[in-house]
Amino acid sequence: MNIQSADLGAAPTDEDALEAARTLRAWAARASVAEIAALGPDAARLVGQVSAGSGLAQEYDAEFRPDAAYLASLPDLQNGPAALIRGARRKIQHVGISNFRLPVQFATRGGAPMLLETSVTGTVSLEASAKGINMSRIMRSFYDHAGEAMGFDLIDRALDAYKRELGSFDARIALATSFPVMRESLRSGLAGWQYYDVAAEIAERGGTRLRILHVDFVYSSTCPCSLELAEHARTVRGTLATPHSQRSLARLSVVLDPEAPELPIEDLIDHCRAAVPTETQVMVKREDEQAFAELNAANPIFVEDAARLFAEALQGDHRIGDFRVAASHQESLHSHDAVSILTEGATFAAASLDPRFLGTLQTRG
């Protein structure tokens with residue numbers, strides 16, 4: 001018995017043709033070159049696989065300009081049907097771009113904006129039923145605001161733009177740069193630029209949007225135990241001894257109160273310098289080097305002390321909510337680092353710690 005479909009002889013619609021093309025490309029993504037070639041040149045052309053002997057032009061046409069109809073005909077695999085998804089049909093929490101670089105105007109405290117090379121990370125959530133995103137839209141969101149001084153209000157607008165463009169529920173933007181501040185030496189009167197690795201981040205999840213500011217602060221840490229042992233050798237045995245100290249780094253990450261005035265980057269840096277005054281120096285003469293030795297002796301510090309001193313400075317600022325302090329003393333005595341992490345609030349609390357995170361707490365020399 002033969003059973004025929006009622007529409008067997010009907011002419012295919014544009015949607016039928018589009019779906020057939022998608023199915024063919026999905027098959028071709030898993031097929032070998034030999035399997036694609038076996039379909040014949042016409043089918044191979046449809047999946048973008050053409051042989052060298054096909055007779056097609058192999059020259060770049062610099063004069064070609066696509067019109068609207070041509071653009072509409074281009075395949076768009078990122079926005080393809082769910083049938084093209086490979087792997088588990090699961091929601092992806094973050095998908096996007098990292099280390100997209102461009103010059104950005106950063107606002108300064110009471111002064112003109114500074115144009116700084118900036119690394120941008122932009123991600124959105126992707127629902128389980130969606131194949132992918134058009135990542136260039138994240139980049140275009142920033143170029144739309146070129147020339148404006150970057151602040152959290154502007155990052156908010158960029159985040160709104162690419163959430164709208166990509167139809168996403170959750171999203172994140174982080175802008176990282178090296179922020180220069182002129183610093184005067186301790187006694188000589190010389191001055192030089194101190195650079196701070198900073199990042200401004202906005203993260204939205206489940207309708208809640210957080211503004212987060214990060215700063216890396218580099219300082220000298222003299223071991224209190226080593227200082228006492230060195231003084232013991234001097235006084236008891238008359239032996240010259242020097243305590244060990246090392247270049248150290250603390251990364252402070254703070255959630256900003258949306259109802260409070262904005263926290264300038266310089267204010268967060270000032271909190272660091274007040275908590276631990278032994279910041280490394282830019283320009284030094286002999287009198288500055290001697291002063292730095294005296295400053296270190298007056299402020300010996302374990303890594304546990306550092307975390308608590310930074311926390312004390314942060315918790316006194318009403319503009320700051322949750323925070324995290326991660327400190328690393330890159331020891332000159334031991335062949336390993338001494339580290340500590342202190343958190344306040346739920347934002348940075350975690351049962352598990354990525355061991356590679358501590359490896360990022362490295363000073364650049």
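Residues numbered from 1 in each chain as written. Predicted model: local features only at pLDDT ≥ 70, side-chain atom pairs only at ≥ 80, totals over all residues. Heavy atoms only, no water.

With that out of the way, let us pick up the overall build of the protein chain. Counting secondary structure elements, the protein chain contains 11 helices and 9 strands. Taking 2.2 N^0.38 as the reference for a compact globule, 365 residues should give roughly 21 Å; the C-alpha atoms of the protein chain span a radius of gyration of 29 Å, well beyond that estimate. Reported as C-alpha extents along the three principal axes, the dimensions of the protein chain are approximately 110 × 45 × 45 Å. Sorting the 365 residues of the protein chain into buried and exposed places 37% on the buried side. Taking as baseline every contact in the protein chain between residues at least 6 positions apart, the subset at least 24 positions apart corresponds to 66%. Here the protein chain displays about 21,900 Å² of accessible surface, and carbon together with sulfur accounts for 53% of that area. Each charge class in the protein chain can be summarised by its mean position, and for the 35 positive and 48 negative side chains these summaries are 3 Å apart. (Helix = DSSP H or I, 4+ residues; strand = E, 2+ residues; numbered from the N terminus. Rg over C-alpha atoms; globule rule 2.2 N^0.38 Å. Buried < 20%, exposed > 50% of the residue type's maximum accessible area, 1.4 Å probe, protein only. Contact = heavy atoms within 4.5 Å. Areas by Shrake-Rupley, 256 points an atom, 1.4 Å probe, with all protein chains shown as cover. Lys, Arg positive; Asp, Glu negative; His and termini not counted. Charge placed at Lys NZ, Arg CZ, Asp CG, Glu CD.)

So, about the environment of S226. For S226, the location among the structural elements is in helix α7 (residues 224-237). Assessed through its relative accessible area of 14%, S226 is described here as buried. With sequence-adjacent residues up to four places away left out, S226 is seen in contact with T242, P243 and H244.

Per the counting criterion, the structure on display carries 4 aromatic pairs. For the pair F64 and Y70, a centre-to-centre distance of 5.0 Å together with 75° between the ring planes defines the contact as edge-to-face. The rings of F217, Y219 and F310 are connected pair by pair, giving a single aromatic cluster. (Phe/Tyr/Trp six-rings, centres within 6.5 Å; stacked < 30°, edge-to-face > 60°.)

Turning next to the environment of F106. Examined against the element boundaries, F106 turns out to sit in strand β1 (residues 92-108). If sequence neighbours within four positions are ignored, F106 has contacts with P113, M114, L116, T118, M150, L175, T177, F179 and I265.

Here we take up the packing of helix α8 (residues 265-275) against helix α10 (residues 303-315). Interhelical geometry of α8 versus α10 gives an angle of 135° and a closest axis separation of 9 Å. Comparing the axis directions of α8 and α10 gives the class oblique. Here the hand of the crossing between α8 and α10 comes out right-handed. Contact with α8, carried on its side by L268, H271, C272 and A275, involves L309, F310, A313 and L314 of α10 and no other residues of that element. Of the residues belonging to the contact of α8 with α10, the class tally is 7 nonpolar, 1 polar and no charged. (Axes fitted to C-alpha atoms, helices over the stretch in contact; angles between N-to-C directions. Parallel < 35°, antiparallel > 145°, perpendicular 65-115°, else oblique. Left-handed = near helix turned anticlockwise from the far one by under 90°. Nonpolar A, V, L, I, M, F, W, Y, C, P; charged D, E, K, R; others polar.)

Summarising the element assignment, R183 is placed in strand β4 (residues 171-184). Lacking a salt bridge, the buried R183 has E279 as its closest oppositely charged neighbour, with an N-O distance of 4.2 Å. In this structure the side chain of R183 is engaged in a polar contact, spanning 3.0 Å, whose partner is the side chain of Y196. The residues touching R183, leaving out its near neighbours within four places in the chain, are L190, A191, G192, Q194, Y196, I269, D270, R273 and E279. (Salt bridge = Lys/Arg side-chain N within 4 Å of Asp/Glu carboxyl O. Polar contact = N/O pair within 3.5 Å; in protein donor to acceptor, adjacent residues only side chain to side chain.)

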